Amino acid sequence: MRDRLKQIQELAVSELNQADKKEILEEIRLKYLGKKGELTQVLRGMGALSAEERPVVGQLANEVRAEIEKILEEKTSAIAKAEYAEKLKAETIDVTIPGSKQLKGSLHPLELVKTELTEILRSMGFSVVEGPDVELDYYNFEALNIPKGHPARDTQDTFYVDDDVVLRTQTSGLQIRVMENSKPPIRIVAPGMVYRSDTADATHSPVFHQMEGLVVDKGVTMADLKGTLAEICKLLYGKESKIRFRPHHFPFTEPSAEVDVSCFVCGGKGCRVCKGEGWIEILGAGMVHPKVLETCGIDPEVYSGFAFGIGLERVAMRKYDIDDIRLFYENDVRFLKQF
Ligand code: PHE
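Note that the coordinates shown come from a computational prediction; the quantities given were computed from them, not determined experimentally.

(A) Representation of the domain arrangement of the protein within the structure. Domain assignment breaks the protein into domain 1 (2–90) and domain 2 (109–336). Put simply, the middle of domain 1 and the middle of domain 2, counted by C-alpha atoms, are 95 Å apart.

Shown next as structure tokens:
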């Protein structure tokens with residue numbers, strides 16, 4: 001029986017030493033110390049021993065039990081420690097690893113130009129209005145003195161939605177929408193996208209941006225138009241810049257003009273940016289046609305007004321020296337992050 005006890009101790013200890021998981025320790029505990037465990041089985045047979053032998057074997061059995069329990073405890077705490085160390089290792093944060101870079105966005109050059117221009121005009125007392133991109137033929141053409149069949153329609157290749165609805169080819173329709181709904185004095189600026197079925201190339205795009213300006217009041221003259229545009233150009237391109245009017249024709253203004261600004265790169269001497277001209281065309285303008293005022297219920301005998309339309313891409317291309325309009329719409333981050 002003593003030999004059997006010694007054998008149990010040796011087996012249990014060697015199994016415990018090989019165990020590396022809590023579950024295995026528990027299995028070993030049940031196998032030797034459990035109710036049906038090997039040590040328990042041996043102790044059951046103690047009844048058969050003589051009175052002298054019984055206490056000796058009993059003590060030995062207690063020693064064996066104590067030894068197994070001691071090692072079981074040691075192993076349990078060792079495994080718990082190892083598992084804890086493992087967990088800590090897995091959760092370690094290396095604070096010396098450089099952080100991942102967050103890309104910072106920037107405003108699109110067209111948005112920058114739009115904001116700058118609207119701020120300039122706001123400071124001069126204009127308020128900003130907007131209108132629909134899908135526009136009635138009436139606002140885009142008819143009310144602007146461009147009836148169906150008028151040759152001016154051919155200069156703005158139009159996307160028709162149906163006979164009466166178009167994608168607006170210009171922001172000028174907003175002149176009508178505003179004059180219809182408000183009484184002079186009127187002083188508004190209207191930025192927006194416009195659409196023309198042009199083939200895209202370095203200077204053309206089927207979608208581009210315009211900004212419309214409109215002033216209607218008693219006694220508004222061409223001199224007010226010139227003064228306003230000269231001031232806008234000074235604020236946009238610097239104090240030295242000048243403007244020049246060239247006679248032109250728009251059906252909804254009379255007289256009409258195309259307006260050039262002195263080249264802000266060479267100051268008018270002629271360079272690559274102005275193609276040797278010294279001047280750069282930036283907008284169309286004129287005095288609101290009396291017929292247009294009348295269409296909107298404003299008496300042309302009492303009131304007069306001026307209007308202008310600026311191409312924002314053109315302004316941005318000059319300002320930032322961009323030589324291809326398509327760059328604005330490609331959304332290449334390498335291009336966009338330069339502004
Ligand atoms: N709408 C004109 C164009 O797109 C520009 C313009 C606006 C001309 C206002 C005169 C007055 O070309």
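Let's pick the thread back up.
(B) Just the sheet that holds strand E2 (residues 134–136), in detail. Overall, antiparallel pairing links the three strands, which are arranged E2-E4-E3 in an open sheet. In this open sheet, the two edge strands, each paired with only one partner strand, are E2 and strand E3 (160–162). Geometrically, the sheet is characterised by an average inter-axis angle of 35 degrees between neighbouring strands, direction not taken into account.

(C) Molecular detail of the sheet that holds strand E7 (residues 243–250). Spatial ordering of the open sheet is given by E1-E5-E6-E10-E9-E8-E7, a layout of seven strands whose pairing is mixed. In this open sheet, the two strands that pair with only one neighbour each are strand E1 (127–128) and E7. For strand E6 (residues 207–217) and strand E10 (residues 304–311), the ladder comprises eight bridges, and the chain directions are antiparallel. Along E10, the bridge assignment pairs Glu-212 with Gly-309. Seen against the sheet, helix H8 (residues 222–237) touches E7, strand E8 (253–262), strand E9 (279–288) and E10 and runs at an angle of roughly 125 degrees to E7.

(D) Layout of the packing of aromatic side chains. Across all of its chains, the model carries seven aromatic pairs by this definition. Ring centres of Tyr-320 and Phe-339 lie 5.0 Å apart, and the angle between their planes is 70 degrees; this geometry places the pair in the edge-to-face category. A residue pair is termed long-range when its members are at least 10 positions apart, and Tyr-320 in helix H10 (residues 312–320) and Phe-339 in the segment after helix H12 (333–336) qualify at 19 residues. Overall, the relative accessible area of 27% leaves Tyr-320 in the partly exposed class. Geometrically, the ring pair formed by Phe-335 and Phe-339 is edge-to-face, given 5.1 Å between the ring centres and 70 degrees between the ring planes. Given the relative accessible area of 24%, Phe-339 is considered partly exposed. An aromatic cluster is present here, built from Tyr-320, Phe-328, Tyr-329, Phe-335 and Phe-339 joined pairwise through their rings. The ring of Tyr-139 is capped by Arg-177, whose NZ or CZ atom sits 4.2 Å from the centre of that ring.

(E) View of the nonpolar core. Ranked by size, the top nonpolar core spans 42 residues in total, and within it Leu-117, Leu-229, Leu-283, Phe-308 and Phe-328 carry the most contacts. Among the elements that line this core, the one with the most residues is H8, at six residues. Excluding residues within four positions of it along the chain, Phe-328 makes contact with His-108, Pro-109, Leu-110, Glu-313, Ala-316, Met-317, Ile-322 and Phe-335. By size, the runner-up hydrophobic cluster in this structure holds 23 residues, among which are Leu-174, Phe-252, Leu-293 and Ala-307.

(F) Representation of the site of the ligand. The full set close to the ligand counts 14 residues, and Gln-170, Ser-172, Arg-196, Gln-210 and Glu-212 are the nearest of them. A distance of 2.9 Å separates a nitrogen atom of the ligand from a polar side-chain atom of Ser-172. In this structure, Arg-196 approaches the ligand through a side-chain N or O atom, which is 3.0 Å from an oxygen atom. Against a free-state accessible area of 330 Å², the protein chains account for coverage of 91% of the ligand. Among the elements of the structure, E6, E9 and E10 are those that each provide at least two residues to the shell around the ligand. Grouping the constituent residues of the shell around the ligand by class yields five nonpolar, seven polar and two charged.

Quick notes on the rules
- Numbering of residues starts from 1 in each chain and follows the order in which that chain's sequence is written.
- Whole-chain, interface and lining totals are the exception, using all residues; otherwise, since this is a predicted model, local features are given only for residues with pLDDT of at least 70 and side-chain atom pairs are given and counted only at 80 or more.
- The side-chain values count all of the structure's non-hydrogen atoms but skip hydrogen atoms and water molecules.
- Domain limits in this description derive from either an automatic procedure or a database domain assignment.
- Any two strands with at least two DSSP-identified bridges between them are counted as paired.
- Runs of E in the DSSP output that reach at least two residues are strands. Runs of H or I that reach at least four are helices, and both are numbered from the N terminus.
- Simply put, an axis is a line fit to the C-alpha atoms, just over the touching stretch for a helix, and the angle between two N-to-C directions goes from 0 to 180 degrees.
- We call two residues in contact when some of their heavy atoms are within 4.5 Å.
- Here a pair means two rings of Phe, Tyr or Trp (six-membered ring of Trp) with centres within 6.5 Å. Their orientation is stacked below 30 degrees between planes, edge-to-face above 60, and tilted elsewhere.
- Classification of residues uses two cut-offs on accessible area relative to the type maximum, computed with a 1.4 Å probe and protein chains only: under 20% is buried, over 50% is exposed, and between them is partly exposed.
- We call a charge positioned over a ring when the NZ of a Lys or the CZ of an Arg lies within 6 Å of the ring centre and within 35 degrees of the ring normal.
- We define the nonpolar core as a collection of buried residues of types Ala, Val, Leu, Ile, Met, Phe, Trp, Tyr and Cys that are connected through side-chain atoms lying within 4.5 Å of one another.
- Think of it this way: one heavy atom of a residue within 4 Å of a molecule or strand is enough to make that residue near it.
- Within 3.5 Å is the distance limit for a polar contact, defined as a pair of N or O atoms, with the added protein rule that one can donate a hydrogen and the other accept it, and that residues adjacent in sequence qualify only through two side-chain atoms.
- Surface exposure here means Shrake-Rupley accessible area, sampled with a 1.4 Å probe, where a residue is shielded only by the protein chains that are shown.
- Polarity classes work like this: nonpolar for Ala, Val, Leu, Ile, Met, Phe, Trp, Tyr, Cys and Pro, charged for Asp, Glu, Lys and Arg, and polar for all others, with Gly in that last group.

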